[in-house]
Amino acid sequence: MAKDVKPTRKNLMEIEDRIELSERGHGTLEKKRDGLIMEFMDILDKAQDVRGDLAQDYEDAQKKINMARAMEGDVAVRGAAAALQEHPEITTESKNIMGVVVPQIESSRVSKSLDQRGYGIMGTSARIDEAAEAYEDLLESIILAAEVETAMKKMLREIETTKRRVNALEFKLLPDLYDNQEYIEQKLEEQEREETFRLKKIKEKKEQQEKEERQAEAEDEAAPDVGDESTAEPDMEQSTAGGVPGGD
């Protein structure tokens, strides 16, 4: 991947910005993941208690309904169930846990008094009352279990999603960015060394040219002096030769 990036300072600055942003995002996601895990563990403990209560309530309800059927008969039990006038009501709201929206279920008219169940007190026995109360408790447990289980599943999905994002940043994106950064820095250093070497060679060549030019100028300045001496010697000989005959 690093070889696909052009080694320019602009790209280096962009990669450094992406690294800074990715590191901040990685830290934020790690904190979110840890927070979600802590919240999930709390919900998991609650879910285990709710599951235990639900299993116990179901077992109790089954025992009491079987006892009512045995003592009063199926017709009496079904008649008491059909006499119910007010059915339970359930409303759902939502709450936010570490950015995860989970349901909050509220129920009403689940637990009822004897006169609210619709069947006559004189026409039924305590067995049917106990069975009705047991199934009201069971329904409360089912509603609570539904809320907790749904919240737990949503939290678990969010934890998995956050973990994948953290791993993608930690093991894929950030290493690639670090490799690109190192690659560009090495290439820029090589270019800088090559540029320094080139400038050094240009400077040496320029200095050599200047030295040769100074030597040439010095030689040009020295050349006329030699010519004057060579022309001056014949003049002296002529003046000497001319002076001797005049003496005779």
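Here is a short report on the structure shown in this document. Please read all numbers here as calculations on a predicted model, not as lab measurements.

**Focus: the overall build of the protein**
Link 1 in the chain: Secondary structure assignment for the protein yields three helices and two strands.
Link 2 in the chain: In the protein, the order of α-helices and β-strands from amino to carboxyl end is α-α-β-β-α.
Link 3 in the chain: When burial is assessed residue by residue, the protein has 24% of its 248 residues classed as buried.
Link 4 in the chain: When contacts within the protein are restricted to residue pairs at least 6 apart in sequence, long-range pairs at least 24 apart make up 79% of them.
Link 5 in the chain: Surface exposure of the protein reaches about 17,700 Å², of which carbon and sulfur atoms provide 52%.

**A short note on a negative patch on the surface**
Link 1 in the chain: A cluster of like negative charges, contributed by E14, E16, D17, D179, E182, E185, E189 and E192, occupies part of the molecular surface.
Link 2 in the chain: Of all elements in the fold, only α1 (9-72) and α3 (126-247) reach the threshold of two or more residues within the negative patch.
Link 3 in the chain: Ranked by residue count, the leading element in the negative patch is α3, at five residues.
Link 4 in the chain: Inspection of the secondary structure assignment puts E16 in helix α1.

**Quick look at the nonpolar core**
Most often, soluble globular proteins keep nonpolar side chains buried together rather than apart.
Link 1 in the chain: Ranked by size, the top nonpolar core spans 14 residues in total, and within it I43 and M155 carry the most contacts.
Link 2 in the chain: Among the elements of the structure, α1, β2 (100-108) and α3 are those that each provide at least two residues to this core.
Link 3 in the chain: If one sorts the elements of this core by residue count, α3 sits on top with six residues.
Link 4 in the chain: Contacts of I43, omitting those with residues within four sequence positions, involve I97, V148, A151, M152 and M155.

**Here's the deal with the packing of α1 against helix α2 (residues 74-82)**
Link 1 in the chain: Across the interface, α1 lies against α2 with an axial gap of 6 Å and an inter-helix angle of 120°. Judged on the interaxial angle alone, α2 and α1 are oblique. Across the interface between the two elements, I65, A68, R69 and E72 from α1 touch D74, A76 and V77 from α2.
Link 2 in the chain: Considering only residue class, the contact of α1 with α2 consists of four nonpolar, no polar and three charged.

**With respect to the pairing of strand β1 (residues 89-97)**
Consecutive residues of a regular strand have side chains that alternate between opposite faces of the sheet.
Link 1 in the chain: Judged from the nine bridges that link them, β1 and β2 form a sheet pairing that is antiparallel. Bridged to I90 within β2 is S107.
Link 2 in the chain: Here β1 folds back onto β2, and the loop between the two strands holds two residues, one of which, M98, carries a positive phi near 55°.

**A few points about the side chain of S22**
Link 1 in the chain: Residue position: S22 is located in helix α1.
Link 2 in the chain: For S22, a relative accessible area of 9% puts it in the buried group.
Link 3 in the chain: Excluding residues within four positions of it along the chain, S22 makes contact with L169, L173, L174 and L177.

**What about unusual backbone geometry?**
Link 1 in the chain: Unlike most non-glycine residues, M98 shows phi in positive territory, near 55°.
Link 2 in the chain: Tracing the chain through its elements places M98 in the loop between β1 and β2.

**Points about α1**
Link 1 in the chain: For α1, built from 64 residues, the straight-helix expectation of 94 Å at 1.5 Å per residue is met to within 8% by its first-to-last C-alpha distance of 89 Å.
Link 2 in the chain: Where α1 terminates, the next one or two residues include G73, which has phi positive at roughly 95°.

**With respect to the pattern of salt bridges**
Link 1 in the chain: Taken as a whole, this structure holds ten salt bridges when the rule is applied.
Link 2 in the chain: For the salt bridge of R24 with E20, the shortest nitrogen-to-oxygen distance reads 3.3 Å. On the criterion of helical spacing, the pair formed by R24 and E20 is a turn pair, its members being four residues apart in helix α1.
Link 3 in the chain: Taking relative accessible area as the criterion, R24 reaches 48% and is therefore assigned partly exposed.
Link 4 in the chain: Under the relative-accessibility criterion, E20 is labelled partly exposed at 43%.
Link 5 in the chain: Measuring nitrogen to oxygen at the nearest pair gives 2.5 Å for the salt bridge that ties R198 to E195. In this pair, R198 and E195 are both assigned in helix α3, three residues apart and thus about one turn of the helix distant.
Link 6 in the chain: Residue classification places R198 among the partly exposed residues on the basis of a relative accessible area of 42%.

Each value, and the rule that gives it
Residues numbered from 1 in each chain as written. Predicted model: local features only at pLDDT ≥ 70, side-chain atom pairs only at ≥ 80, totals over all residues. Heavy atoms only, no water. Helix = DSSP H or I, 4+ residues; strand = E, 2+ residues; numbered from the N terminus. Buried < 20%, exposed > 50% of the residue type's maximum accessible area, 1.4 Å probe, protein only. Contact = heavy atoms within 4.5 Å. Areas by Shrake-Rupley, 256 points an atom, 1.4 Å probe, with all protein chains shown as cover. Patch = residues over 30% accessible without salt bridge, like charges linked within 9 Å, V, L, I, M, F, W, Y side chains within 5 Å. Salt bridge = Lys/Arg side-chain N within 4 Å of Asp/Glu carboxyl O. Lys, Arg positive; Asp, Glu negative; His and termini not counted. Charge placed at Lys NZ, Arg CZ, Asp CG, Glu CD. Core = buried A, V, L, I, M, F, W, Y, C linked by side-chain atoms within 4.5 Å. Axes fitted to C-alpha atoms, helices over the stretch in contact; angles between N-to-C directions. Parallel < 35°, antiparallel > 145°, perpendicular 65-115°, else oblique. Nonpolar A, V, L, I, M, F, W, Y, C, P; charged D, E, K, R; others polar. Pairing = 2+ DSSP bridges. Expected span 1.5 Å × (residues − 1).

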